[in-house]
Amino acid sequence: MALIERDRQFEHLFRSFDDSPQGKGLLAVISGSVAVGKSRLLHTLSEKAADNGAIVLTATASQADHKLPLEVVNQLFSALPAGREDRAELDLLLRKGAVAAMWSELETETVPQMWAQIMQRLWGVVLRAAMEAPVLIAVDDAHYADAPSSQCLLYFARRLRSSSVRLVLTELESRTPAHPCVDPEFLRLPHCDRVRLSPLSERGVAALLQERPGSRLSRACHDLTGGNPLLVHALMADQRGSPAAGQAEGQSAPPLVLGEEFSQAVLSCLHRGGEDMLELARGMAILGPAATPELLAELLGMNPAHVPLVMRALRGTGLLRGDAFRHPHIRATIVNALGQDHRSGLHVQAAQLLHESGAEATTVAEHLVLAGVADLPWMPEVLEEAARHALAEDRVKFAISCLELARRASDESERLRLTVSLAVAEWRHNASRAVRHLPELAAGVRARRLTGDTLVTTMKFLLWYGRVDDAAAALSEVSGQEEALRQWLACSHPSLLDKAAKEPPRPGTWCPPRRPGWRRRPRRRCSPCSPRAGARRPSARRRPCWRAPGWTRPRWSRSPPRCSR
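Notes on the structure follow. As the structure is a prediction and not an experimental result, all values here were calculated from the model.

1. Considering the pairing of strand β1 (residues 26-32)
Right, so step 1: Where burial is concerned, most of β1 is hidden: seven out of the seven residues are buried.
Right, so step 2: Here β1 shows two buried faces, one formed by L26, A28, I30 and G32 and the other by L27, V29 and S31.
Right, so step 3: In the sheet, β1 pairs with strand β4 (residues 165-172) via seven bridges, with the strands oriented parallel. Among the inter-strand pairings, L27 is bridged to a residue of β4, identified as L167.
Right, so step 4: For β1 and strand β5 (residues 192-197), the ladder comprises six bridges, and the chain directions are parallel. Bridge pairing links A28 to D193 in β5.

2. Digging into the pattern of salt bridges
Right, so step 1: Taken as a whole and assessed by the stated rule, the structure comprises 21 salt bridges.
Right, so step 2: Two residues, E366 and R395, come together in a salt bridge whose shortest N-O distance is 3.6 Å. Residue E366 is located in helix α17 (residues 361-371), and its partner R395 is located in the loop between α18 (378-392) and α19 (396-409); the two are separated by 29 residues in the primary sequence.
Right, so step 3: On the basis of relative accessibility, which here comes to 31%, the residue R395 falls in the partly exposed class.
Right, so step 4: Where R388 meets E384, a salt bridge forms, and the shortest distance between an N and an O atom there is 4.0 Å. One end of the pair is R388 and the other is E384, both in helix α18 and four residues apart, which spans about a single turn.
Right, so step 5: Residue classification places R388 among the exposed positions, given a relative accessible area of 52%.
Right, so step 6: What emerges from the salt-bridge pattern is a single network uniting E384, R388, E414 and R417.

Rules and cut-offs
- Residues numbered from 1 in each chain as written.
- Predicted model: local features only at pLDDT ≥ 70, side-chain atom pairs only at ≥ 80, totals over all residues.
- Heavy atoms only, no water.
- Buried < 20%, exposed > 50% of the residue type's maximum accessible area, 1.4 Å probe, protein only.
- Helix = DSSP H or I, 4+ residues; strand = E, 2+ residues; numbered from the N terminus.
- Pairing = 2+ DSSP bridges.
- Salt bridge = Lys/Arg side-chain N within 4 Å of Asp/Glu carboxyl O.

Written out as structure tokens, the structure is:
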């Protein structure tokens, strides 16, 4: 696979090595963000050097082997073509070096002398190999190298100018406290050549996709990945078989599929970036738009001075646009990768920090709902307030979640009142689901545990489901000042007034009208058709007034017929 937007750096490095005169070594440090192509450039350079007859010694440092002394040096010299005597000498030197590394913690005077002798003899082995052919030492992810190996590489780097040895290292350009750069002494050497790699441009993404520059697909991929080659390859792997794969130019663009490959690439970038980068990404995913450097430092227990450094390193991966994730799928991937207990704990901590900083109740309640925990005294009140705001904004599902959590966390005195609010919210979303609360509300009415507006709301709720007996019991508890309620009942449920009138009122409660047999006023007839005083009553055969001759009804009107006399 051809190098895309890396050919200039490759030609520069290879030309420097090829044009270097015999007996003059070179040092190069390739730096860049996570997964921008540093390792691929190093491997391509190593393969090209091996094809030209050079002896290539390669090693890859890792975070897991960071504590193993001389791990990188062992990898380098394991590939060195040496005779039986040289191999025995190498094994002896590496064993002595491991012992010296373990003794270095004692800080005795004999250890530095022993270690200096070991590095000198190892350098002698490299020089004997360089007398046969040029030697290229390539170390990938040198920032993970163990301390003894870093000292050994630095010892080699200081002596390169008088040898035919080339040393190439790769490192993360964005430093974090958990991932310091390679020893700064490498960069201070006069023969050090530093090569920086940046993410792919939109034209580079188009070349990687084998698309025309400026095409719809290349723009969308660059917008989602920020030019990170690893993310671009993963995104294209998810498009296989999707509608976007066979879309012709000029047609309407279907949305790109963000699947498992893209999610794994996101997590791979974060894990390769180190523990600080992973923790910061988790904190940003939990806090969402409310994330600030101060809140992130307090949530994660991180030094506030380190947060901008780690943020810059995370921004270099292409996952961020500014201070937010490029796509909600990236945030969801990071959150879903957390364990349930870890995720709930972070949400509870975020809710506490936001509550203390004076954030809106809705913002705090979102974290409480996601955590499923409301064990502190202030949490039910915040959830109830957030539910009121959510209902006003027609976010009924979120309001139901808030009220359910507040109801579980409240004591017995507040639970019934919250049940009324929950029933009303569920009625707005799904009336059949709210039926499950009717027995509890009816029992609360009979036990006289509801008062005021909550009782009135409960009575209306029971009437909507036809629970007239329970509503009548609630009506007998309503205060006499509810004149508006009486007028509403007289128009909508007149039979309820008769039913409540038969029950003896309690002292201090409102008694409905005692007039039995209350009915709607009959329709009034017009005066010409009404029977006059002393006139003979119409016969039974005579049609009713509203069907008598002279009555007309417009076809466009639904009002009662009017008399034309």
